[in-house]
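The chain contents come next:
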Amino acid sequence: MLNLSQLQTFVTVVSEGSMTAAADKLFLTQPAVSQQMKNMEDDLGVELIVRGSKQIKMTAQGEILYEHAKKILSLAQVAEVSIKSIGAQLRGELRIGTLNSIGLHLMSPVVSRLLKFNPDFKIKVNYAKGESLIQDYKKGELDVVVIPDAELNYKTQMADSKSQILFQEEMWLVGSGKDEFYPMTIALNEIKKIPYVHFSDEFPDFDLKLNAKVGKVQSVFESANVGTLKRVIEYGLGIGFLPASSIKKQVRSGRLNHVRISDFEYKMNFHYYYKTSSPVAETAQILFQALTGDQEKN
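It should be emphasised that the depicted structure is a prediction, and the values quoted were computed from it without experimental measurement. (Residues numbered from 1 in each chain as written. Predicted model: local features only at pLDDT ≥ 70, side-chain atom pairs only at ≥ 80, totals over all residues. Heavy atoms only, no water.)

> Please explain the overall build of the chain as it appears in this structure.
Counting its regular elements, the chain contains twelve helices and ten strands. With 298 residues in all, the chain has 49% of them scored as buried. The contacts in the chain between residues at least 6 apart in sequence include a share of 75% that link residues at least 24 apart. A total of about 14,700 Å² of accessible surface is found on the chain, and carbon and sulfur atoms cover 52% of it. (Helix = DSSP H or I, 4+ residues; strand = E, 2+ residues; numbered from the N terminus. Buried < 20%, exposed > 50% of the residue type's maximum accessible area, 1.4 Å probe, protein only. Contact = heavy atoms within 4.5 Å. Areas by Shrake-Rupley, 256 points an atom, 1.4 Å probe, with all protein chains shown as cover.)

> I tried to follow the packing of aromatic side chains on my own but got confused; where do I start?
Any aromatic ring pair is given by two values, namely how distant the centres are and how the planes are angled relative to each other. Under the defined criterion, the tally for this structure stands at eleven aromatic pairs. The interplanar angle of 80° and the centroid separation of 6.4 Å between the aromatic rings of Phe 10 and Tyr 66 together place this pair among those described as edge-to-face. With Phe 10 in helix 1 (residues 4-16) and Tyr 66 in helix 4 (residues 60-88), this pair connects stretches of sequence that are 56 residues apart. Judged by centre distance (6.5 Å) and plane angle (65°), the ring pair of Tyr 196 and Phe 241 falls under edge-to-face. Remark: Phe 241 occurs in strand 8 (residues 240-243) and Tyr 196 occurs in the loop between strand 5 (185-186) and strand 6 (197-199); sequence separation between them is 45 residues. In this structure Phe 241 comes out as buried when scored by relative accessible area, which is 2%. Through successive ring pairs, a cluster of aromatic residues spans Tyr 196, Phe 206, Phe 241, Phe 264 and Tyr 266. Between the NZ or CZ atom of Lys 275 and the centre of the ring of Tyr 137, over which it lies, the distance is 5.2 Å. (Phe/Tyr/Trp six-rings, centres within 6.5 Å; stacked < 30°, edge-to-face > 60°. Lys NZ or Arg CZ within 6 Å of the ring centre and 35° of its normal.)

> How do you make sense of the pattern of salt bridges when you look at a structure like this?
Evaluated as defined, the whole model comprises twelve salt bridges. With a closest N to O distance of 2.4 Å, Lys 267 and Asp 24 form a salt bridge. Residue Lys 267 is located in strand 10 (residues 267-275), and its partner Asp 24 is located in helix 2 (residues 19-26); the two are separated by 243 residues in the primary sequence. By relative accessible area, which is 29% here, Lys 267 ends up partly exposed. (Salt bridge = Lys/Arg side-chain N within 4 Å of Asp/Glu carboxyl O.)

> Is there a simple way to think about the pairing of strand 3 (residues 144-148) in this case?
Regular strands place their side chains on alternate faces of the sheet. Most of strand 3 is tucked away: five of the five residues are buried. As paired elements, strand 1 (residues 92-98) and strand 3 share three bridges and run parallel to each other. The residue of strand 3 that forms the bridge with Thr 98 is Val 146. (Pairing = 2+ DSSP bridges.)

> Mind showing me how you'd approach the nonpolar core here?
Soluble globular proteins tend to bury their nonpolar side chains together. Formed by 61 residues in total, the largest nonpolar core has its most connected members in Ile 191, Leu 210, Phe 241 and Tyr 272. In terms of residue count, strand 4 (residues 161-176) provides more of this core than any other element does, six residues in total. Summarising the domain contributions, this core has at least three residues from each of domain 2 (88-168 + 269-296) and domain 3 (169-267). Aside from chain neighbours lying at most four places away, what touches Leu 210 is Leu 188, Ile 191, Tyr 196, Gly 215, Phe 241 and Phe 264. The next biggest cluster of nonpolar side chains, apart from the first, holds 17 residues, and it includes Val 11, Val 33, Leu 65 and Leu 73. (Core = buried A, V, L, I, M, F, W, Y, C linked by side-chain atoms within 4.5 Å. Domains from an automatic or database assignment.)

Below, the structure is given as structure tokens:
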């Protein structure tokens, strides 16, 4: 009989596009993920994925299981969030700050579930640059901030705060899905030969690492708005690095083309910060548990 852990592994393998990427997201080894997939197929007596393809493709049976697995995991999450939120009797307001590029991805249906079962509870979400979020948090104007590692990216300590990794983000180089001339894999220095679109000011450490590898890359267009950049790249103006969580749907649908880089990759942990001495510390922790469960299904 399949269990929730197996279903979660299967859904993650499909959504991430490879067992290696799924292993990174689930904090497992690649052999452990492969073994879970094999055990599922043995238990069911069918193949769920097509072996030998460069990217994960599901069999007909796999597609059926994928749709059911997402519903099962969602229902399990609804039950967990409902039980925890009702038990905690959430009231008042929780003020959250995060980056615009990951805000919509982060503020998933789990928020509506919390609000549904707690009519006296409110969530307020502010989007801003990391530096501004940290300032507001330290002044007590935000209860929670969700940002890349504060010390690494913003050179600051989050005193008296609990820090938990909410999810891992990866920067993907993407081009328009309409342009067939992009190779599947390139070396990093080749981006200087192609019109480049720059995602500015959002991830300071990424910019430092990229510049250290290839120097300053001249851009034909830049913006701090991830939605604008997605549209610009889709229209074929150039290629650019964007957070994987914000573009996976476009890549799956073929609107964007994920160009692999043979000699460079960048991953970052998004941290969930809140003050343990805060009156809303328990509420903040419940939201963290709800969000981590929901991230696993995306």
